[in-house]
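Examination of the molecular architecture
Residue strings, one per chain:
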Amino acid sequence: MKKFLVVLLAMLSVVVLFAQKSGGRLVIAMETEPVGLDPHLVTAFASHRVLENIYDGLMRYGENMKLVPNIAEEAQAVDPYTIVFKIREGVRFHDGTPLTVEDVLFSFQRILNPDTKSPAAAYYQDVESIKAIGDNKIEFKLKKPMASALLPNFAGVNSSIVSKKSLESGKNLQLETNGTGPFYLAEYVQGNYMILKKNPYYFVKDQPYLDEIKIVFMPEEVSRVAALRNGDVDIAKINEPLNLKQFPEGRFKVYRSPVLSYYLIGINTTRKPLNDPKVRNALNYAINREAIIKVVAFSEGVVTGPLNPAVQPWALQPKDFEEYKYNPAKAKELLTQAGYPNGFEFEIVTSQRYNFDKVAEVIQAQLAEIGVKVKINLVEWGIFIKRWRESDFDAFISMNSGSIEPDIQFYRTFRTGGSTNVFLYSNPRVDELLELGRSTVDVMKRKEVYDELQRILVKESPIIFLYSANQIFVSNTSIEGFKLLPNESLVFLRETYKK
Amino acid sequence: MSFSYLLRRVITSVPTVFFVVFVVFIAIHLVPGDVVDMMLGTQNYLTQEQINQLYRQYGLDKPLIVQFGVWLKNLFTLDFGTSLRTGKKVIDLIFDRFPVTLELSILSMVFASAIGIPLGIVAAIKKDSFVDGLVRVVGLIGLSSPSFWVGAILIVIFSGTFKGFNIFGFVHIHEDFLRNLQVMFLPALTLGLMLAAQIMRMARSSMLDVLQQEYIRTAKAKGVSYSKLIGKHALKNALIPIVTLSGIQLGYLLAGTIVIENMFALPGLGRLLLQAVNERDYPVIQFVVMFIAMLIVILNILVDFIYTLIDPRVELK
């Protein structure tokens, strides 16, 4: 009898536990709205956040940014030139059709087709061939031994698997979706809200827990705060840490996590006097990063080097760099050596978003202490991008998205002639290290390569790395299972539920 | 208003609308940063050849005047364009967004008139009294308070005080009437308060003018009752400048109130235009601007028509 009771209790608790996780409707307030829905084309951050819950890639990021298989059941780097993915069986698109190797092949052919103009094509430029092996495997042959460096790209929204049949039937993926992800897009009222509903075919058993997610677009922070306090939404993104005071503990939960994206000063390395690495390095010493974090981000952030300090084993810690210790005397000394004992004047171009203007003001004040006069030129974002692309600046303040993979973080940005090397930076040793890092398989040797690279990048500072701000979300207490990732992804909505 | 008058007004408005659209077209293309720049952002993932292909695809490789010509030609064939960023038809976007802005504008005017006109009249009748002073001070505060500030204060007050009152979560009026009114209440009040201040000042000065007219003195001498004197004889004439002002204000409102629509997360025309400008989504910008210009022209004709109703001496021919 006792045994029976124990079993009964155990069963009941399982039922209760399961019942707790299942069902419900979550309302989430987001600041920005997607711009387009085609996973292979979108570049807007807001599009990525939504589409990663609708589409799946071969891989995805799990907890602590660990790469885990997704549509691929297994990913194997057979050798440094070859990756083989075993495609999961039983995966269905939202319209009920099964996902096959054909769809995977088709997706990558579409990405690589220059007419598609997918941002992901650049990631796969060193892929020599893609072919199906049997009916459940797919093989990527690479021109360079960079299998492990390439893997994180398969987790990005731009590398999602789309339905060949849907596209061939003439569907416009910018307007309609058909993925394999945990939710499908049930309704989208532009400028107002989006409704994602539970995908009954989702291949992970019991997931997602929620029946429905309503994403409401609220551009103003004051509205998101009020809506959350008023109970109009369950969870919201908060940008200004000061607003956290409005959410008393006990009634609300605060989620914060460091992010990979980082604030930076980008420098045109061809314009005098900033073309002199010594001058750029002097600026490094004259900038008090902790003070910026305190004043602009209300201490919600961490100092970052060329790689986010949390990216292990690759990142060197900020304290390892002499240049990151605030030392105006040393800065002055370097400027004198470079022939500018009385300082100089230069312009920082920036825009009024994500507090760039505030960062610029603090830096202006800090550099004034060593006699360097900064003229801040605040421009509209479109104008900023134009000037960025044409390297039409002395320096700029902006934010770059970071990566856990050093090759992704550095290759395009610092290689001579790299597509995002708007700093016009060129150092043959850096080019050499970038190629070496890309093709070195041994982890220890690869680490040595990136250690040297990071040291050079800080010493020569085409970019002055500043800090990474925390991302903050606040929810009411009924929300469970919500987690943040450093790449600011919301893939954990599939494991979120309401009590 | 005769039909030939209406026709003449419509025809003479065409150059105005054309001019506005042309100027905006040139201006938005001259601003640095185009739709391709915005698409690439700070990622720069396409080759120069692919970028050139995009310009060709969007017709942006042609001289500006040719691009304008193409747009006009498409307009005449009822092809109003497609958003370059979202792939949606521009006409559908307008149909989705305009009703929200129209409702917000009308409700704001209702608030503004309901508050502004009576207060203005009271201030005029009780000129130089305490009430007049109070109304003038409140009016001045209303004029000088930016709408984003008033909106934020109202949001904070309502979200703390009235639990269960829907401040956000817009639904169309035909979907859920009560919820729609609740959600529209605060944004309309915010805009209404700002406009009420202007209407109130106009009502006061206009009423004061009228009250000094000789026919009012005559009416008083004839023993017309005070309420009739104000309500019938004075108010009707005092209304003309108020109608003009309201017409102009309604025009501004219909152009979309970007700040308020953003703050209250309303999917209106202003927010659409702002997003389109930010993304340099040219077809959306051009058509929305043309639509707004046309609305303002229509509104002006309507205001002129209302004059004839208020003052029979005004004749439109």
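Criteria and cut-off values
- Counting from 1, residues in each chain are numbered in the order their sequence is written.
- Lettering of chains starts at A and numbering of ligands starts at 1, both following the order in which they are written.
- The model is predicted, so local features are restricted to residues of pLDDT at least 70 and side-chain atom pairs to those at 80 or more, both for listing and for counting; the totals for chains, interfaces and linings are taken over all residues.
- Each helix is a run of DSSP H or I of at least 4 residues and each strand a run of E of at least 2, with the numbering of both proceeding from the N terminus.
- Our radius of gyration is a C-alpha quantity, and the globule rule it is checked against amounts to 2.2 Å times the number of residues to the power 0.38.
- Placing a C-beta atom from the backbone of each residue, one calls two residues in contact when those atoms lie within 7 Å.
- Residues are called buried when their C-beta atom has 20 or more other C-beta atoms within 10 Å, exposed when it has 12 or fewer, and partly exposed otherwise; all C-beta atoms are positioned from the backbone.
- Only Asp, Glu, Lys and Arg are considered charged in this grouping, and only Ala, Val, Leu, Ile, Met, Phe, Trp, Tyr, Cys and Pro are considered nonpolar; every other residue, Gly among them, is considered polar.
- In these notes, a nonpolar core means any group of buried Ala, Val, Leu, Ile, Met, Phe, Trp, Tyr and Cys residues linked to one another through C-beta atoms within 7 Å.
- Each pair of strands is called paired provided DSSP finds at least two bridges between the two strands.
- An axis is simply a line fitted to the C-alpha atoms; with a helix, the fit covers only the stretch in contact. Between two such axes, the angle follows the N-to-C directions and lies from 0 to 180 degrees.
- The scheme is simple: roughly parallel for angles under 35 degrees, roughly antiparallel for over 145, roughly perpendicular for 65 to 115, oblique for anything else.
- Note on convention: near helix rotated counterclockwise from far helix by under a right angle means a left-handed crossing. Clockwise means right-handed.
- A clockwise path from the first strand over the helix to the second, with the strands pointing away from the viewer, defines a right-handed crossover.
- Every residue gets a pLDDT, meaning the predictor's confidence in that residue, from 0 to 100.
- The span you would expect from a helix comes to 1.5 Å times its residue count less one.

1. Remarks on the overall build of chain A
- Within chain A one finds 14 helices and 21 strands.
- By the compact-globule yardstick of 23 Å for 499 residues, chain A fits well, its C-alpha radius of gyration being 24 Å.
- For chain A, restricting intrachain contacts to residue pairs at least 6 apart in sequence, the fraction spanning at least 24 positions comes to 69%.

2. Focus on the overall build of chain B
- Looking only at helices and strands, one finds 13 helices and zero strands in chain B.
- Going residue by residue from the N terminus, the α and β elements of chain B occur as α-α-α-α-α-α-α-α-α-α-α-α-α.
- Once the C-alpha set of chain B is aligned to its principal axes, its extents read approximately 85 × 55 × 35 Å.
- Within chain B, the proportion of its 317 residues that are buried is 37%.
- For chain B, restricting intrachain contacts to residue pairs at least 6 apart in sequence, the fraction spanning at least 24 positions comes to 73%.

3. A short note on the interface of chain B and chain A
- Every contact between the two is made by 39 residues of chain B and, on the other side, 36 residues of chain A.
- Of all the elements in the fold, those that place two or more residues in the side of chain B that touches chain A are helix 2 (35-40), helix 3 (48-57), helix 5 (90-125), helix 7 (147-161), helix 11 (258-263) and helix 12 (269-279) of chain B.
- Taken together, the residues of the side of chain B that touches chain A break down into 18 nonpolar, 13 polar and eight charged.

4. Overview of the nonpolar core
- Ranked by size, the top nonpolar core spans 213 residues in total, and within it Ile28, Ala236, Val359 and Leu466 of chain A together with Val288 of chain B carry the most contacts.
- With 17 residues, helix 8 (residues 177-211) of chain B is the largest single contributor of residues to this core.
- Dropping the residues within four chain positions of it, Val288 of chain B is found in contact with Ile94, Leu269, Leu272, Leu273 and Ala276 of chain B.

5. Concerning the sheet that holds strand 17 (residues 395-400) of chain A
Residue and element names in this part refer to chain A.
- Reading across the sheet, the five strands line up as 16-15-17-13-18 and stay open at both edges, with mixed pairing between neighbours. One side of each edge strand has no neighbouring strand; the edge strands of this open sheet are strand 16 (373-378) and strand 18 (463-465). Strand-to-strand, the axes of this sheet are offset by a mean angle of 30°, without reference to chain direction.
- Taken together, the six bridges between strand 13 (residues 262-267) and strand 17 define a ladder with antiparallel strand orientation. Across the sheet, the residue bridging to Tyr263 is Met399, located in strand 17.

6. Quick word on the packing of helix 13 (residues 428-439) of chain A against helix 14 (residues 443-460) of chain A
Residues and elements named next belong to chain A.
- Following both chains from N to C, one finds helix 13 and helix 14 inclined at 150°, their axes separated by 9 Å at the closest point. Looking at the two axes, helix 13 sits roughly antiparallel to helix 14. The handedness of the crossing between helix 13 and helix 14 comes out as left-handed. Taken together, the residues of helix 14 that come into contact with helix 13 (itself represented by Arg429, Val430, Leu433, Leu436 and Gly437) are Arg446, Val449, Tyr450, Glu452, Leu453 and Ile456.
- The residue makeup of the contact of helix 13 with helix 14, split by class, is seven nonpolar, one polar and three charged.

7. Focus on the pairing of strand 16 of chain A
- Here strand 15 (residues 345-350) of chain A runs beside strand 16 of chain A; their pairing, made up of six bridges, is parallel. When the sheet's bridge partners are listed, Ile348 of chain A is paired in strand 16 of chain A with Ile376 of chain A.

8. What about the pairing of strand 15 of chain A?
Residue and element names in this part refer to chain A.
- Once the chain exits strand 15 it traverses helix 10 (residues 356-368) before rejoining the sheet at strand 16, and the crossover so formed is right-handed.
- In this structure, strand 15 lies alongside strand 17, joined through two bridges in parallel fashion. When the bridges of strand 17 are listed, Val349 appears paired with Phe396.

9. Thoughts on the packing of helix 6 (residues 130-144) of chain B against helix 8 of chain B
All names here are of chain B.
- At a closest axis distance of 8 Å, the pairing of helix 6 and helix 8 adopts a crossing angle of 135°. In terms of axis orientation, helix 6 runs oblique to helix 8. Considering the relative orientation of helix 6 and helix 8, their crossing is left-handed. Taken together, the residues of helix 8 that come into contact with helix 6 (itself represented by Val135, Gly139, Gly142 and Leu143) are Leu193, Met194, Ala196, Ala197, Gln198, Met200 and Arg201.
- Tallied by class, residues from the contact of helix 6 with helix 8 come to seven nonpolar, three polar and one charged.

10. Brief notes about the sheet that holds strand 4 (residues 72-79) of chain A
All names here are of chain A.
- The strand order across the open sheet built from four strands is 4-5-7-6, with neighbouring strands paired in antiparallel fashion. Edge positions in the open sheet fall to strand 4 and strand 6 (127-133), since each of these has one partner strand only. Each neighbouring strand pair of the sheet contributes to a mean axis angle of 15°, computed without reference to strand direction.
- With six bridges joining them, strand 4 and strand 5 (residues 82-87) adopt antiparallel strand pairing. Across the sheet, the residue bridging to Ala75 is Phe85, located in strand 5.
- The strands that helix 3 (residues 101-112) touches are strand 5, strand 6 and strand 7 (137-142); relative to strand 6, the one it contacts most, it runs at about 165°.

11. Observations concerning unusual backbone geometry
Residues and elements named next belong to chain A.
- The peptide bond linking Gln207 to Pro208 adopts the cis configuration, its omega dihedral lying at -5°.
- Cis peptide bonds are those with omega within 30 degrees of zero, and the linkage from Lys272 to Pro273 qualifies with -10°.
- Locating Pro273 in the fold gives a position in the loop between strand 13 and helix 7 (277-286).
- Even without being a glycine, Asn64 presents a positive backbone phi close to 55°.

12. Description of the confidence of the model for chain A
- Scored by pLDDT, chain A comes out at a mean of 91, with 96% of its residues at no less than 70.
- Below a pLDDT of 50 lies the segment residues 14-18 of chain A, which in the model reaches zero contacts outside its immediate sequence neighbourhood of four places, other chains included.

13. Things to note about the environment of Ala155 of chain A
All names here are of chain A.
- Positionally, Ala155 belongs in the loop between helix 4 (147-150) and helix 5 (164-168).
- Residue Ala155 is classed as buried on the basis of its 24 C-beta neighbours within 10 Å.
- Taking the C-alpha atoms as reference points, Ala155 and Leu67, separated by 88 residues in sequence, lie 7.6 Å from one another.
- Contact partners of Ala155, with chain neighbours within four places excluded, come to Gly57, Met59, Arg60, Tyr61 and Leu67.

14. Comments concerning helix 7 of chain A
All names here are of chain A.
- Burial analysis of helix 7 places eight of its ten residues in the buried class, which makes it a mostly covered element.
- Of all the residues in helix 7, the buried ones are Val279, Arg280, Asn281, Ala282, Leu283, Asn284, Tyr285 and Ala286.
- In this structure, the buried side of helix 7 is in contact with strand 13, helix 9 (328-337), helix 10, helix 14 and strand 18.

15. Digging into helix 14 of chain A
All names here are of chain A.
- The end-to-end C-alpha separation of helix 14 is 25 Å, in line with the 26 Å expected for 18 residues at 1.5 Å each.
- The set of residues buried in helix 14 consists of Arg446, Val449, Tyr450, Leu453, Gln454, Leu457, Val458 and Glu460.
- Considering only its buried residues, helix 14 is in contact with helix 7, helix 12 (406-414) and helix 13.

16. Topic: the environment of Val100 of chain B
All names here are of chain B.
- Note that Val100 resides in helix 5.
- Residue Val100 is classed as buried on the basis of its C-beta count, with 26 C-beta atoms lying within 10 Å.
- For the pair Val100 and Glu261, spaced 161 residues apart in the sequence, the C-alpha separation amounts to 9.4 Å.
- Every residue in contact with Val100, bar those within four places of it in the chain, is listed here: Phe170, Leu266, Pro267 and Gly268.

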